Amino acid sequence: MSRSDPVVVRVRLSLGRIDPRMEWPRGFVRFGVAAWLAVTVLLGLVYFGRAVDRLGGEATRNATSNFDDRAFGGGNALGVDKEALNEARGWIPARGTYRLLVGPDAADVRNYVRYFLMPRRPDPGAAWVLCYGCDPARLGDELEIVWWDAAGIALGRLPG
Amino acid sequence: MTVRALLGLAIGNVIVLGAGGCLLWGAHGLRSWTELARLSGFAYMIGVAGLGVALSLELVVGVPVRLATVVLTCVALALAGLILGRLLGRDAPPLRRRVSFGLGLVSASYGALVAVYVEAVFRAGRLAPLSNYDGWAFWVPKAEAIYFFEGLDEQFFRELANPTYPPLVPALEAAAFHAMGSPDVVTLHVQFWFFLTGFVAAVAGLLAPRVHAALLWPVLLLVLVAPRVVARSLEPQADFMLDYFFALAALLVALWLVERRAWQLNVASLFLAGAMLTKRDGQLLAACVVVAALVASWGARRFAWPRIALAGGCALALAVPWRLWFTSRELHGELPASGFLGPFDHLDRPWPALQSVVRALLDFELWLLVLPLTGLAIALALLAGARVLPLYAALVYGLAVTGFVWVLWSFTQLELPFVQDEGVNPIVRLCGSLVLLSAGLVPLLLDAAWRGGDCAERRR
């Protein structure tokens, strides 16, 4: 390959455009832009591979999870009782109201149940009662329990 | 999670694209169908902003938001664009015009990489559960309340967390539910994929004829593969939506500063309104853009300032009705409890707040080197002799960082130094806006640096 080879000439011309010894500050700035781009291209390509890997893994994980896992989403992390919430959805009419009785440190559960049972409205005076880790006895004998489980979660209805 | 939901969502987004295309034609005009194809992402984002702002206003005045309302709003937006175009004498794009439509090696290769990336994001989001806390705690419940009760239900909008947060994203999510035929919170992630794809296409479409492909695509890809963007851009909440609107508004204002096309400022105004109606942080970011534009246009202030003020004023006017709605219902939480002067009682906070913000901005595990490289690009453009663009960019970033410090300083319930998990860290969320802004501004800065000054920037 001689110095007059067209490829060599093109490369020399291209490199000449980013020669930092060119007139100040043009040469320095162009060299800076070229260096800037080299870092960006390198970093972008490395992390492109990682991003596609990560997204592929996520896609596989999501595809292998079951319907309930997808439907409950954040509820899985909270450890909510899926069966209890599904029963509540089934028993309480879509435009009905309910009252949720939970322990004192259960703000997240309260928020999650409100989200999951939409469009049913929370109402402290509602006939439907979802007793989530509470003592159903405090509601008296009038509560008609329609569903309960061993974890102490109960769904019932008060008269009226 | 069904094909019907996906199909409905796709049709809904095509309608939004149509409305945005008409608005774009009215505001900007289109010389060819090739130009329309190039700007289709931008048209889509105009449609998203227009629909979001319009639905927010309809919710505030009590218009029931149903499927018909969403469709009619899109039709009204399209008609508005067509009427504007007729009034301004826009020509329809000619059916046959010889236009060169070729992709260079860089554009084709990077275009392929970005296509692979967005496809991977789609697959990851397609069946993703709604796991993110803010999503199920209030953003999606607000959307469901709009979907089920056709408006700003007094009970839910009062009881759900952050009742003063604006309704644009819940309104768009409710529109997506209508398009899907049910409140499908799994497929809802695909709607956010449309937003991400629209943003990427918008930035690429706007900048492709203005900067060399080698300056555009590597920057865009670097922003897209930043770990935080990869992990969280499809979460059904408002953070990335705010970032898209802010970045597009700031990019259009930058273009206006060097090209002086009226449509750029008009559309920027719409995106600023969108940002302000997306999250309360949008007001802070919009103020940064307006102030930076005012300072950067000091040399032409007689011409520029009334126009910038008008654009900012129009955006603000569109955001005011929501503020009236929530203040009339005595909902609070918009500003620090200590008021505007309260932070001065806590003078021990600014320094650790600044440290926390800088740490969040420079976190390699979140944003790679996007922001340090942005700083370098500003310096190179300044050194090359450009003035308007680097000054504007430095001011937007500088004012935004100052604003973030103020947020940490004034909300005294936030402990300093701020080391909260990045998933719920509000400063990390705010930083995303500056990172996405870099996707649009940095190619312009590098172009100015390469060409050597502001004069070259005016060539189009």
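**Topic: the overall build of chain B**
When helices and strands are tallied, chain B shows 21 helices and zero strands. In terms of overall dimensions, chain B is globule-like: its C-alpha atoms have a radius of gyration of 21 Å, near the 23 Å expected for 460 residues. Relative to its 460 residues, chain B shows a buried fraction of 61%. For chain B, restricting intrachain contacts to residue pairs at least 6 apart in sequence, the fraction spanning at least 24 positions comes to 81%. Surface summary for chain B: the accessible area is close to 17,300 Å², and the carbon and sulfur share equals 66%. Taking the average location of the 33 positive side-chain charges in chain B and that of its 29 negative ones, the two points are 14 Å from each other.

**Remarks on the overall build of chain A**
Counting its regular elements, chain A contains six helices and five strands. Ordered by position in the sequence, the α and β elements of chain A form the string α-α-α-α-α-β-α-β-β-β-β. Computed over its C-alpha atoms, the radius of gyration of chain A comes to 32 Å, more than 25% above the 15 Å expected for a compact globule of 160 residues. The principal-axis extents of the C-alpha atoms in chain A amount to approximately 100 × 35 × 25 Å. Taking all 160 residues of chain A together, the buried fraction comes to 41%. Counted over contacts in chain A with a minimum sequence separation of 6, partners at least 24 positions apart contribute 56%. Surface accessibility of chain A: about 9,100 Å² in total, with carbon and sulfur atoms responsible for 56%. Across chain A, the mean location of the 21 positive side-chain charges is 17 Å away from that of the 18 negative side-chain charges.

**Here we look at helix α5 (residues 105–126) of chain B**
For α5(B), built from 22 residues, the straight-helix expectation of 32 Å at 1.5 Å per residue is met to within 8% by its first-to-last C-alpha distance of 31 Å. For α5(B), the full list of buried residues reads Ser107(B), Tyr110(B), Val114(B), Tyr117(B), Val118(B), Ala120(B), Val121(B), Ala124(B), Gly125(B) and Arg126(B). Along its buried surface, α5(B) packs onto α2 (26–64) of chain A together with α1 (3–28), α9 (188–207), α10 (213–224) and α11 (227–232) of chain B.

**A short note on the layout of surface pockets**
Residue and element names in this part refer to chain B. Here the second largest pocket defines a volume of roughly 790 Å³. Lining the second largest pocket are 24 residues, and of these Arg280, Asp281, Glu334, Val407 and Phe411 sit closest to its centre. Sorting the residues of the lining of the second largest pocket by element identifies α6 (133–149), α14 (281–296), α19 (388–410) and α20 (426–451) as the ones contributing at least two each. Taken together, the residues of the lining of the second largest pocket sort by class into 13 nonpolar, five polar and six charged.

**Considering the packing of helix α13 (residues 262–276) of chain B against helix α15 (residues 301–328) of chain B**
All names here are of chain B. For the pair α13 and α15, interaxial distance at closest approach is 8 Å and the crossing angle is 35°. Of the two elements, α13 crosses α15, and the hand of that crossing is right-handed. Of α15, the residues touching α13 (which contributes Leu265, Ser269, Leu272, Ala273 and Met276) are Arg307, Ile308, Ala311, Cys314, Ala315, Leu316, Leu318 and Ala319. Here the contact of α13 with α15 is built from residues that sort into 11 nonpolar, one polar and one charged.

**Observations concerning the pairing of strand β4 (residues 144–148) of chain A**
Residues and elements named next belong to chain A. Bridging between β4 and strand β5 (residues 153–157) involves four bridges; their strand directions are antiparallel. Considered in β5, the bridge of Trp148 is made with Ala154. Hairpin connection from β4 to β5: four residues lie between these consecutive antiparallel strands, with Gly152 at a positive phi of about 85°.

**Quick look at the pattern of salt bridges**
Close approach of charged atoms lets side chains of opposite charge pair. Evaluation of the coordinates by the stated rule reveals 16 salt bridges over all chains. With a shortest N-O distance of 2.5 Å, Arg121(A) and Asp153(B) are connected by a salt bridge. Here the residue Arg121(A) occupies a position in strand β2 (residues 121–122), and Asp153(B) occupies one in the loop between α6 and α7 (154–159), the pair thus bridging two chains. In this structure Asp153(B) comes out as buried when scored by relative accessible area, which is 11%. Residue Glu35(B) is joined to Arg38(B) by a salt bridge in which the shortest nitrogen-to-oxygen separation is 3.5 Å. One end of the pair is Glu35(B) and the other is Arg38(B), both in helix α2 (residues 33–38) and three residues apart, which spans about a single turn. Through salt bridges with shared partners, a single ionic network connects Asp134(B), Asp239(B), Lys279(B), Asp281(B) and Arg429(B).

**Quick notes on the interface of chain B and chain A**
With 52 residues of chain B at the contact, the number on the chain A side is 45 residues. Across the interface of chain B and chain A, roughly 4,600 Å² is buried in total on both sides, 73% from carbon and sulfur atoms. Contact with chain A buries area across many residues of chain B, yet Trp136(B), Leu383(B) and Trp450(B) alone supply 16% of it, more than any other trio. Joining chain B to chain A, the criterion identifies two salt bridges. Taken together, the connections running from chain B to chain A amount to 10 residue pairs in polar contact (both at pLDDT 80 or more). Contributions of two or more residues to the side of chain B that touches chain A are made by α5, α6, α7, α10, α11, α18 (370–384) and α20 of chain B. Partitioned by chemical class, the residues of the side of chain B that touches chain A number 46 nonpolar, two polar and four charged.

**Examining the packing of α9(B) against α20(B)**
Residues and elements named next belong to chain B. Running from N to C, α9 and α20 cross one another at 10°; their axes reach a closest spacing of 11 Å. Taken together, the axes of α9 and α20 are roughly parallel relative to one another. From α9, Phe199, Val203 and Leu207 reach across to α20, where they touch Leu436, Ala439, Gly440, Pro443 and Leu444. Along the lines of polarity and charge, the residues of the contact of α9 with α20 split into seven nonpolar, one polar and no charged.

**What to know about a nonpolar patch on the surface**
There is a patch of nonpolar side chains on the surface, built from Leu67(B), Val71(B), Val75(B), Leu79(B), Leu82(B), Ile83(B), Leu84(B), Leu87(B) and Leu88(B) and spanning about 790 Å² of accessible area. The exposure class assigned to Leu67(B) is partly exposed, which follows from its relative accessible area of 44%.

**Looking at the packing of aromatic side chains**
Residue and element names in this part refer to chain A. Using the criterion set out here, one finds 27 aromatic pairs over all chains in the structure. Consider the rings of Tyr112 and Phe116, whose centres lie 6.0 Å apart with planes at 20°: the pair is stacked. Highlighted residues: Tyr112 and Phe116, both in helix α6 (residues 107–116), separated by four residues, approximately one helical turn. Grouping residues by exposure puts Tyr112 and Phe116 together as buried.

**A closer look at the confidence of the model for chain A**
Averaged over chain A, the pLDDT score is 88; the fraction of residues at 70 or greater is 97%. Taken element by element, the predicted model of chain A shows its lowest mean pLDDT in helix α1 (residues 6–17) of chain A (75) and its highest in β2(A) (96).

**Observations regarding the nonpolar core**
Counting 213 residues, the largest nonpolar core has Phe42(B), Met45(B), Tyr117(B), Phe271(B), Tyr392(B) and Leu434(B) as the members making the most contacts within it. Looking at this core, the element that brings in the most residues is helix α12 (residues 239–259) of chain B, giving 18 residues. Counting contributing residues, this core receives three or more from each of domain 1 (5–63) and domain 2 (74–157) of chain A. Leu101(A), Val129(A), Leu143(A) and Leu158(A) belong to the second largest nonpolar core, which has eight residues in total.

Parameters at a glance
- Residues numbered from 1 in each chain as written.
- Chains lettered and ligands numbered in written order.
- Predicted model: local features only at pLDDT ≥ 70, side-chain atom pairs only at ≥ 80, totals over all residues.
- Heavy atoms only, no water.
- Helix = DSSP H or I, 4+ residues; strand = E, 2+ residues; numbered from the N terminus.
- Rg over C-alpha atoms; globule rule 2.2 N^0.38 Å.
- Buried < 20%, exposed > 50% of the residue type's maximum accessible area, 1.4 Å probe, protein only.
- Contact = heavy atoms within 4.5 Å.
- Areas by Shrake-Rupley, 256 points an atom, 1.4 Å probe, with all protein chains shown as cover.
- Lys, Arg positive; Asp, Glu negative; His and termini not counted.
- Charge placed at Lys NZ, Arg CZ, Asp CG, Glu CD.
- Expected span 1.5 Å × (residues − 1).
- 1 Å grid on protein atoms, 1.4 Å probe; cavity = no way out; pocket = protein on both sides within 12 Å on 5 of 7 lines; lining within 4 Å.
- Points joined across faces, edges and corners; volume = space filled by probe spheres on them.
- Nonpolar A, V, L, I, M, F, W, Y, C, P; charged D, E, K, R; others polar.
- Axes fitted to C-alpha atoms, helices over the stretch in contact; angles between N-to-C directions.
- Left-handed = near helix turned anticlockwise from the far one by under 90°.
- Pairing = 2+ DSSP bridges.
- Salt bridge = Lys/Arg side-chain N within 4 Å of Asp/Glu carboxyl O.
- Buried area = accessible area lost by both parts, 1.4 Å probe.
- Polar contact = N/O pair within 3.5 Å; in protein donor to acceptor, adjacent residues only side chain to side chain.
- Parallel < 35°, antiparallel > 145°, perpendicular 65-115°, else oblique.
- Patch = residues over 30% accessible without salt bridge, like charges linked within 9 Å, V, L, I, M, F, W, Y side chains within 5 Å.
- Phe/Tyr/Trp six-rings, centres within 6.5 Å; stacked < 30°, edge-to-face > 60°.
- pLDDT = per-residue confidence, 0-100.
- Core = buried A, V, L, I, M, F, W, Y, C linked by side-chain atoms within 4.5 Å.
- Domains from an automatic or database assignment.

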